[in-house]
Amino acid sequence: MYKYYEKNGYQIMYYRFHSIFEFVEYLTNTPIKKDIFHDPSSISGDYSFCKTQSFEEAIELIKYGYHENFDKFMELKVKLEKYIQLSSKRNKQYNFYVGYVPDVKAYLEGSPLSMLNKTNNVRKKIDIYMNSSFCGESSTEAIFNRGAIVLSLVEILESLGFNVDFHLLEMSTIDRKMHFSDFILKKENERLNLQKLYFPLCHPSWIRRLNCRLIEVTPDITSSWSRGYGIPSKLETMKQIIELKSNDIIIPTIDELGIRGHDIIDDTNSLFNYINALSEKDFELKPVKKLKIYKW
């Protein structure tokens, strides 16, 4: 579950959790390193910053579900999904001996390649890696919008026939030291559980209480982490640590995505444009048009 290793010049404190239960058990049964964290943020954070009254409340929400505004979240997601579309970029038509439709011109010319066929290089398995960390200035609205858009994206990819492994990461650095946790909250053979993912993707306390507590109990943590708990790792850092395949999707920080939390459509297009520009994929996320949508 935990290991310390080096990669590409980074000293990495790495966790991998296979369930929320495993995560909660670790947090609630591992003591805070009080010699380093004299005023732990997981305890001292106020409601305006964390949107929970206490660490214990955050634990209850991750264990039993977060329901506030969930109906409005579902309304927003349904509206978004009507406008989110993918287009294939690598389906090419060519002449061959066999195919899906005859090429009349080639047939009349006596060509043996008288059938039209298509290449289809779309990979049916996609891993999505999202760094759920965010800076202290990120607004509740921006946190919510990013989470809602990513949940919609995962569900749409699955409805289009892709099998998705969804990795929710927390990756932050101080100098060349990295705190990296990997939560596999949805495997490719599992149905997407929106209620389970709603809290970790859309609530500030996922980072500001629970992942702060994970840093506070980490065996190899040093005193430099007590002053701010690290800086969210940017895309280029993430790509040095994660072994990406060509069609995988990596979702970095709110700031890098250009998400502001003011308009869900603007934020959706910012995220899509970022993904489209990231690498040459087999598909493209089309921009979402303006539509009348619930204002938070």
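J.: Explain the nonpolar core to me, using residue names and the numbers behind them.
T.: Proteins that are soluble and globular tend to have nonpolar side chains buried together. Ranked by internal contacts, the top residues of the largest apolar core, which has 70 residues, are Ile128, Phe166, Leu201, Trp206, Leu210, Leu214 and Leu271. The element best represented in this core is helix H7 (residues 140–159), accounting for 10 residues. Excluding residues within four positions of it along the chain, leucine 271 makes contact with Arg146, Ile149, Val150, Ile251, Leu257 and Ile259. If you look at the next biggest cluster of nonpolar residues, it comprises 13 residues, including Tyr10, Ile12, Tyr129 and Met171.

J.: Would you mind going over the pairing of strand S2 (residues 10–17) in detail, with residue names and values included?
T.: Among the 8 residues that make up S2, 6 are buried, leaving the element largely enclosed by the rest of the structure. Linking strand S1 (residues 2–7) to S2, which pair antiparallel, is a turn of 2 residues; within it asparagine 8 sits at a positive phi near 50°.

J.: How would you sum up the side chain of serine 42? Please name residues and give values.
T.: Counting through the fold element by element, serine 42 comes out in helix H2 (residues 41–44). Separated by 2.9 Å, the side chains of serine 42 and arginine 213 make a polar contact. Apart from residues no more than four positions distant in its own chain, serine 42 is found in contact with Ile32, Phe55, Arg208, Arg209, Cys212, Arg213 and Glu216.

J.: Provide a residue-level description of the pattern of salt bridges, including the pertinent values.
T.: Across all of its chains, the model carries 9 salt bridges by this definition. Between lysine 125 and aspartate 165 there is a salt bridge, with the nearest N and O atoms lying 3.4 Å from each other. Linking lysine 125 in strand S7 (residues 125–131) with aspartate 165 in strand S8 (residues 163–174), this pair joins segments that are 40 residues apart in sequence. A relative accessible area of 19% means that lysine 125 is categorised as buried. Note on aspartate 165: relative accessible area 15%, which makes it buried. Here the salt bridges do not stand alone but share partners, grouping Lys125, Asp127, Asp165, Lys245 and Asp248 into one network.

J.: Quick rundown of the packing of aromatic side chains? Include the residues and the values.
T.: Considering all chains together, one arrives at 19 aromatic pairs under this definition. Taking the centre distance of 4.8 Å and the plane angle of 50° together, the rings of tyrosine 2 and tyrosine 15 count as tilted. Of this pair, tyrosine 2 sits in strand S1 while tyrosine 15 sits in strand S2; the two residues are 13 residues apart in sequence, bridging distant segments of the chain. A residue is classified by how much of its surface remains accessible, and tyrosine 2, at 24% relative accessible area, is partly exposed. We classify tyrosine 15 as buried; its relative accessible area is 0%. Relative to phenylalanine 144, the ring of phenylalanine 73 has its centre 6.1 Å away and its plane inclined at 90°; by these criteria the two rings are edge-to-face. Highlighted residues: phenylalanine 73 in helix H5 (residues 70–81) and phenylalanine 144 in helix H7, separated in sequence by 71 residues.

Conventions we followed
What you see as residue numbers is a count from 1 along each chain, following the sequence as written. In keeping with the model being predicted, local features are shown solely for residues with a pLDDT of at least 70 and side-chain atom pairs are shown and tallied solely at 80 or more, while totals for entire chains, interfaces and linings include all residues. As a rule here, side-chain values come from all non-hydrogen atoms in the structure, and water together with hydrogens is ignored. Throughout, nonpolar core names a set of buried Ala, Val, Leu, Ile, Met, Phe, Trp, Tyr and Cys residues whose side chains join them through atoms within 4.5 Å. Relative accessible area decides the class of each residue, using a 1.4 Å probe on protein chains only: under 20% of the type maximum gives buried, over 50% gives exposed, and in between gives partly exposed. A run of H or I in DSSP counts as a helix once it spans at least four residues, and a run of E counts as a strand once it spans at least two, with each numbered from the N terminus. Here a residue-residue contact requires only that any non-hydrogen atoms of the pair lie within 4.5 Å. For two strands to be treated as a pair, DSSP must find at least two bridges joining them. Polar contacts here mean pairs of N or O atoms no more than 3.5 Å apart (in protein, one a potential hydrogen donor and the other a potential acceptor; neighbouring residues in sequence count only if both atoms are side-chain atoms). Here, a salt bridge means any side-chain nitrogen of Lys or Arg that lies within 4 Å of a carboxyl oxygen of Asp or Glu. Aromatic rings from Phe, Tyr and Trp, with only the six-membered ring used for Trp, were paired whenever their centres fell within 6.5 Å, and each pair was classed as stacked if the ring planes differed by under 30 degrees, edge-to-face if by over 60, and tilted otherwise.

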